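Coordinate analysis (summary)
Residues per chain, in single letters:
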Amino acid sequence: MLEKTKVANTIELAKEIGDPVSAKILLFGEYSVLFNSDALVMPYDGFQGQLKLGGKETKSHLEIMKFYNFLKTQSFSFIDLHKLEESLDLGLYFDSSIPIGQGLGSSAALTARIFSEYCNVKGDISEDELKSHLGLLESLFHGKSSCFDPLVCYLNKPINKRMNILKIQKFKKQVYLV
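About the cut-offs
- Residues numbered from 1 in each chain as written.
- Predicted model: local features only at pLDDT ≥ 70, side-chain atom pairs only at ≥ 80, totals over all residues.
- Heavy atoms only, no water.
- Axes fitted to C-alpha atoms, helices over the stretch in contact; angles between N-to-C directions.
- Helix = DSSP H or I, 4+ residues; strand = E, 2+ residues; numbered from the N terminus.
- Parallel < 35°, antiparallel > 145°, perpendicular 65-115°, else oblique.
- Left-handed = near helix turned anticlockwise from the far one by under 90°.
- Contact = heavy atoms within 4.5 Å.
- Nonpolar A, V, L, I, M, F, W, Y, C, P; charged D, E, K, R; others polar.
- Phe/Tyr/Trp six-rings, centres within 6.5 Å; stacked < 30°, edge-to-face > 60°.
- Buried < 20%, exposed > 50% of the residue type's maximum accessible area, 1.4 Å probe, protein only.
- Salt bridge = Lys/Arg side-chain N within 4 Å of Asp/Glu carboxyl O.
- Core = buried A, V, L, I, M, F, W, Y, C linked by side-chain atoms within 4.5 Å.
- Arc of directions from axis to C-beta.
- Polar contact = N/O pair within 3.5 Å; in protein donor to acceptor, adjacent residues only side chain to side chain.

Another aspect to go through is the packing of helix 2 (residues 59–73) against helix 3 (residues 81–89). Packing of helix 2 against helix 3 leaves a shortest axis separation of 11 Å and a crossing angle of 155 degrees. Between helix 2 and helix 3, the angle is such that the two are roughly antiparallel. Considering only the axes of helix 2 and helix 3, their crossing is left-handed. Together, His61, Ile64, Met65, Tyr68, Leu71 and Lys72 of helix 2 and Leu81, Leu84, Glu85 and Leu88 of helix 3 make up the contact between the two elements. A class-by-class count of the residues in the contact of helix 2 with helix 3 yields seven nonpolar, one polar and two charged.

A word on the packing of aromatic side chains. Applying the stated criterion to the full structure yields six aromatic pairs. A ring pair is formed by phenylalanine 78 and phenylalanine 115, whose centres lie 6.2 Å apart and whose planes are at 55 degrees; its orientation type is tilted. Of the two residues, phenylalanine 78 sits in the loop between helix 2 and helix 3 while phenylalanine 115 sits in helix 4 (residues 106–118), which places them 37 residues apart along the sequence. As far as the burial class goes, phenylalanine 78 and phenylalanine 115 line up, both buried. Aromatic ring contacts, followed pair by pair, group Phe70, Phe76, Phe78, Phe115 and Tyr154 into a single cluster.

Here the structure, examined in full by the defined rule, presents eight salt bridges. Across the pair lysine 66 and glutamate 63 runs a salt bridge whose closest N-O atoms are separated by 3.2 Å. With a gap of three residues between them, lysine 66 and glutamate 63 both fall in helix 2, about one helical turn apart. The partner of glutamate 117 in a salt bridge is lysine 83, and the shortest N-O contact between them spans 3.6 Å. Of this pair, glutamate 117 sits in helix 4 while lysine 83 sits in helix 3, and the two are 34 residues apart along the sequence. Linked by salt bridges that have partners in common, Glu16, Lys52 and Asp95 make up one network.

This paragraph deals with helix 6 (residues 148–155). Among the eight residues of helix 6, six are classified as buried, and the element is accordingly described as predominantly covered. At the C-terminal side of helix 6, asparagine 156 shows a positive phi close to 55 degrees.

With 38 residues, the main nonpolar core has Leu51, Leu92 and Ile114 as its most contacted residues. Those elements that place two or more of their residues in this core are strand 1 (16–28), strand 2 (39–52), helix 2, helix 3, helix 4, helix 5 (127–142) and helix 6. Broken down by element, the residue count for this core peaks at seven residues, all from helix 4. Ignoring any residue separated from it by four or fewer positions in sequence, one finds leucine 51 in contact with Glu16, Ile17, Ile64, Leu92, Tyr93, Phe94, Leu110, Arg113, Ile114, Glu117 and Tyr118.

Phi angles above zero are rare outside glycine, and asparagine 156 is one such case at about 55 degrees. Within the secondary structure, asparagine 156 is located in the loop between helix 6 and strand 4 (159–162).

Every buried residue of helix 3 is accounted for by Leu84, Ser87 and Leu88. The buried residues of helix 3 occupy an angular sector of 100 degrees when projected down its axis, which confines them to one face. Check the buried side of helix 3 and you find it contacts helix 2 and helix 4. Where helix 3 begins, one side-chain oxygen reaches toward the backbone nitrogen of histidine 82, 3.2 Å away; that side chain belongs to aspartate 80. A positive phi of about 85 degrees marks glycine 91, the residue just after helix 3.

Worth remembering: the numbers are spatial, not functional.
Right, dumping it as structure tokens:
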């Protein structure tokens, strides 16, 4: 009976988890944003990533295992480690077209999706808490995170950082990146 339940749960869960997340493009302020300079970053849906199950043999699954092991050593009570572990047992991986190491936010996108899917904070979360949580999670990849990139990926909105204040940017006309 237990085996049938496991198979049924696997079939039920063997699909995409949540919505895809877009890459980001930092229009100005790359690297200097870590030193409190102004910056403008926008989501870019030309590259996207999505959490999926069934990829135990993928490099991405191994990277998420490292991420999980990192989380276990920290006191990040805002992530449901049990739920994440269950997904990893089912072969959780990040299926992504976002180039790694090119400044388009592959780690930010993964961070945003992990937070979105496995956050166990109930109710509203303040902007400061959201930035703090995302920055802590992304710190595995970069040591220090401005939280700016994963925030843009999480919200899927352009953000302007001016004089250390983050503001969702609204454009009067449609902006096209080619």
